[in-house]
Amino acid sequence: MHIGPYQLRNRLIVAPMAGVTDRPFRMLCKRLGAGHAVSEMITSNAMLYGSDKTRRRANFEGELAPVAVQIAGSDPAQMAEAARHNVAAGAQIIDINMGCPAKKVCNVLAGSALLQDEDRVARILDAVVNAVAVPVTLKTRLGFKNGEENILRVAKLAEDSGIAALALHGRTREDMYNGAARYELIAEVKRSLKIPVVANGDITSPEKARQVLDATGADAIMIGRAAQGRPWIFREIEHYLATGEHLPPPRVSEIHAILIEHLQDHYAFHGEYSGCRIARKHIAWYTNGLRGSNEFRQAMYRLDSTAEQLAAVDSYFKQLAQSSERLVYQDETALAAA
């Protein structure tokens, strides 16, 4: 799998997720088997470049190449300037967001709302591709509304503009995250293009990864929600695709160490106040479905310092290790929900 001049180590990509794929999480996923990761979206509004949130999202220090930054907006000139700004800050790949279904994004005609205006789509793609010398990729959906799927036309616009790769979520904006992803339309897009196509949506297990690759013919797959609290899913999928066999569940001691390291990196990146509060969801995802996790999470949500959080996580995993050497999920559906 190549994106421009960059050869990825495998065909597994971390999906950009707002409030999730910060630098600590991206680096952890890459260490645990992901071949590539895309940042959470950064606004194209230059007035917000100096905000703490935007500065953190544009911090790529120590990240393995290639560094990919996703930008979001609706104005072609602003998007072009955002691309130049982020390349100057260290981005090696620019990704354009035309897939986010969130109301606050769509209400400003960004994200998946752009799919309603193919002329604007073309102008944004041309503006960004021509603004920078690095590869530009596109993340999008099947269309804005069910019954009005226009992805084949949008995909052709992307290829004609010089987009280096297309990541496609198998739902419309109307679907949000409901129902099942539609892989047959991703397969049709793949057959119509010469550029790499990445399939996204509902990939929650090694078997599903194999199924989606086979069904779509995609060059790679992109995994989002299933990696929340389970970043080792990438090595599980990589092993299964290579051998047809499953890795054993990870040892409790290993995940204990991974989570502690993730939290320490997370706290250093976000600071005491935000770090403590943002970490709550990560800790909840890591522990979802494990023995005694409901009681643990309810107590953990009430903690207001990073030191207390670390101590609580440390104590919980030490107790977990007394009952099992490896992770045991009490409810297998927790894996799909995580």
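On a predicted model such as this, the values are computed, not experimentally measured, just so you know.

Peer 1: Which residues make up the pattern of salt bridges, and what are the values?
Peer 2: Considering all chains together, one arrives at 22 salt bridges under this definition. E149 is paired through a salt bridge with R182; the nearest N and O atoms lie 3.0 Å apart. Placement of E149 in the loop between β8 (136–141) and α6 (151–161) and of R182 in the loop between β9 (165–169) and α7 (183–192) is noted, with a sequence separation of 33 residues between them. In this structure, D202 and R171 form a salt bridge, with 2.7 Å as the shortest nitrogen-oxygen distance. Here D202, found in the loop between β10 (197–200) and α8 (206–216), pairs with R171, found in the loop between β9 and α7; they are 31 residues apart in sequence, far enough to count as distant.

Peer 1: Account for the packing of helix α11 (residues 272–287) against helix α13 (residues 306–323), with residues named and values stated.
Peer 2: A pair of packed helices is captured by two measures, namely the crossing angle of their axes and the spacing between those axes. Interhelical geometry of α11 versus α13 gives an angle of 20 degrees and a closest axis separation of 9 Å. It follows from the interaxial angle that α11 and α13 lie roughly parallel. Relative to α13, the crossing made by α11 is left-handed. Residues E272, G275, C276, A279, R280, I283 and T287 of α11 lie in contact with α13, whose contacting residues are T306, Q309, V313, Y316 and F317. Its residues placed into classes, the contact of α11 with α13 shows 6 nonpolar, 4 polar and 2 charged.

Peer 1: Lay out the pairing of strand β7 (residues 93–98) with the relevant residues and their values.
Peer 2: Within β7, 6 of the 6 residues are buried, leaving the element largely enclosed by the surrounding structure. Along β7, one buried face is formed by I93, D95 and N97 and the opposite face, lined by I94, I96 and M98, is buried too. Alignment of β7 against β8, held across 5 bridges, turns out to be parallel. Note on β8: the bridge partner recorded for D95 is T137.

Peer 1: Talk me through the state of the cysteines; I want residue IDs and the actual numbers.
Peer 2: Following the criterion strictly, the structure yields 0 disulfides and no others. A disulfide-free cysteine, C29 has its sulfur positioned 19 Å from the sulfur of C100, the nearest such atom. In this structure C29 comes out as buried when scored by relative accessible area, which is 0%. The structure places no disulfide on C100, whose sulfur is separated from the nearest cysteine sulfur, that of C106, by 6.3 Å.

Peer 1: I'd like to hear about the sheet that holds β10, residue by residue, with values.
Peer 2: If you trace the 9 strands from one edge of the open sheet to the other, you get β4-β3-β11-β10-β9-β8-β7-β6-β5, paired in parallel fashion. Each of the sheet's edge strands pairs with one partner strand only, and the pair in question is β4 (36–37) and β5 (42–43). Where β8 lies against β9, 5 bridges are found, and the strand directions are parallel. Paired with T137 across the two strands is A165, which belongs to β9. Packing of α6 onto the sheet brings it into contact with β8 and β9, and relative to β8 it is tilted by some 175 degrees.

Peer 1: Kindly report on the packing of aromatic side chains, identifying the contributing residues and their values.
Peer 2: A full pass over the atoms with the stated rule returns 3 aromatic pairs. Centroid distance W232 to Y286: 6.2 Å. Interplanar angle 45 degrees. Geometry classified as tilted. With W232 in the loop between β11 (220–223) and α9 (233–243) and Y286 in helix α11, the pair connects residues that are 54 residues apart, well separated along the chain. When the ring centre of Y177 is taken as reference, the NZ or CZ atom of R141 above it lies at 5.0 Å.

Peer 1: Describe the pairing of β10, with residues and values.
Peer 2: In β10, alternate side chains face the same way, and those of V197 and A199 on one face and V198 and N200 on the other are all buried. Pairing between β9 and β10: 4 bridges, direction parallel. Along β10, the bridge assignment pairs H169 with N200. You can see the chain leave β9, run along α7 and come back into β10, and the turn it takes is right-handed. Of the strand pairs in this sheet, β10 and β11 are connected by 3 bridges, and their pairing is parallel. Bridged to N200 within β11 is M222. One crossover worth recording links β10 to the parallel β11 by way of α8, and it is right-handed.

Peer 1: I'd love a proper account of the environment of T216, names of residues and values included.
Peer 2: As for its placement among the helices and strands, T216 is situated in helix α8. Take T216: its relative accessible area is 4%, and that puts it in the buried class. One polar contact links the side chain of T216 to the main-chain carbonyl oxygen of V212, over a distance of 2.7 Å. Among the polar contacts listed, one links the side chain of T216 to the backbone nitrogen of A218, at a separation of 3.0 Å.

Peer 1: So, α13: which residues are in play, and what are the values?
Peer 2: Taking 1.5 Å of rise per residue, the 18 residues of α13 would be expected to cover 26 Å, and the 27 Å separating its terminal C-alpha atoms lies within 8% of that figure. Among the residues making up α13, those that are buried are T306, Q309, A312, V313, Y316, F317 and L320. The arc enclosing the buried residues of α13, seen along the axis, measures out at 125 degrees, which places them on a common side. The exposed set on the far side of α13, more than 90 degrees from its buried face, consists of A307, Q319 and Q322. In this structure, the buried side of α13 is in contact with α10 (252–270), α11 and α12 (293–300).

Cut-off values and rules
- Residues numbered from 1 in each chain as written.
- Predicted model: local features only at pLDDT ≥ 70, side-chain atom pairs only at ≥ 80, totals over all residues.
- Heavy atoms only, no water.
- Salt bridge = Lys/Arg side-chain N within 4 Å of Asp/Glu carboxyl O.
- Helix = DSSP H or I, 4+ residues; strand = E, 2+ residues; numbered from the N terminus.
- Axes fitted to C-alpha atoms, helices over the stretch in contact; angles between N-to-C directions.
- Parallel < 35°, antiparallel > 145°, perpendicular 65-115°, else oblique.
- Left-handed = near helix turned anticlockwise from the far one by under 90°.
- Contact = heavy atoms within 4.5 Å.
- Nonpolar A, V, L, I, M, F, W, Y, C, P; charged D, E, K, R; others polar.
- Buried < 20%, exposed > 50% of the residue type's maximum accessible area, 1.4 Å probe, protein only.
- Pairing = 2+ DSSP bridges.
- Disulfide = S-S within 2.5 Å.
- Phe/Tyr/Trp six-rings, centres within 6.5 Å; stacked < 30°, edge-to-face > 60°.
- Lys NZ or Arg CZ within 6 Å of the ring centre and 35° of its normal.
- Right-handed = clockwise from strand over helix to strand, strands pointing away.
- Polar contact = N/O pair within 3.5 Å; in protein donor to acceptor, adjacent residues only side chain to side chain.
- Expected span 1.5 Å × (residues − 1).
- Arc of directions from axis to C-beta.

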